[in-house]
Amino acid sequence: MSFHEKSNIAMLVLTGGVYAWYFASTANVLLGGSVSPEEALELTNTKMLVTVGAVIIASIVAHIALAIASPSEAEEAADERDRLVEMRGDQRGGFVLALFALAAMASAMTAQPYYLIANLVLAGLVASELVKGVTKLIGYRRGV
C-alpha cells in the first residue's frame, strides 16, 4: 500500500469520524431544538470551530505518523496513477460540493437562519471529501 493510499484512508477515517460526531451532537439544535436562534448560532459556531481545528491537528499528526512509519514511501513523488486517482476523486467530490452549494444558496434565498446555512456548507464540504476519499480508495483498489 502506497503512502498516498494510507494517507487517503487516514483522512477518510478522520473526516468521517469527527464530523459524524459533530453532526450527531448538533442534530437537536440543527433540526429545531428548544434553543433560540441566537443560542443555536453561538453553540454551533463554537463547536464547528473546535471540530475543524481538531480535524486539522489530527490530520497533521496522522501524516507525521505515517511519514515516520515509512519514510521512504513518504518521499516518493506521485506517479501517473496517483495523479489520475486524485483527479477522479476531485471530480466526483466537486459534483457533490456543487449540489450542496446550490442547496446552501436556496437556503439563503429562503431566509433560513445563518447557522443552518453555515452547517449546510460544512456538510457539503464534508460530503465532498468523503466522496473524494471513497472514490480514491476504489481507484487504488480496483485500478483506474
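Described below are features of the structure shown in this document. No experiment lies behind these values; they were computed from the predicted model shown.

### Topic: the overall build of the protein chain
Along its length, the protein chain carries five helices and zero strands. Counted from the first residue to the last, the protein chain has its helices and strands arranged as α-α-α-α-α. Each principal axis of the C-alpha atoms in the protein chain carries an extent, and together these give about 55 × 30 × 20 Å. Burial statistics for the protein chain: of 144 residues in total, 28% are counted as buried. When contacts within the protein chain are restricted to residue pairs at least 6 apart in sequence, long-range pairs at least 24 apart make up 84% of them. Total accessible area on the protein chain is roughly 8,700 Å²; 68% of this is exposed by carbon and sulfur atoms. Computed over 10 positive and 13 negative side-chain charges, the inter-centroid distance for the protein chain is 9 Å.

### Quick look at unusual backbone geometry
With phi around 60°, alanine 111 is a residue other than glycine that occupies positive phi space. Structurally, alanine 111 can be placed in the loop between α4 (80-109) and α5 (114-142). For alanine 111, a relative accessible area of 66% gives the class exposed.

### Considering the environment of asparagine 45
Along the chain, asparagine 45 turns up in helix α2 (residues 37-69). In this structure, the C-alpha to C-alpha distance between asparagine 45 and glutamate 76, residues 31 residues apart in sequence, is 39 Å.

Procedures and definitions
Residues numbered from 1 in each chain as written. Predicted model: local features only at pLDDT ≥ 70, side-chain atom pairs only at ≥ 80, totals over all residues. Heavy atoms only, no water. Helix = DSSP H or I, 4+ residues; strand = E, 2+ residues; numbered from the N terminus. Buried < 20%, exposed > 50% of the residue type's maximum accessible area, 1.4 Å probe, protein only. Contact = heavy atoms within 4.5 Å. Areas by Shrake-Rupley, 256 points an atom, 1.4 Å probe, with all protein chains shown as cover. Lys, Arg positive; Asp, Glu negative; His and termini not counted. Charge placed at Lys NZ, Arg CZ, Asp CG, Glu CD.

From the geometry alone we can't say anything about function, so treat these as descriptive.
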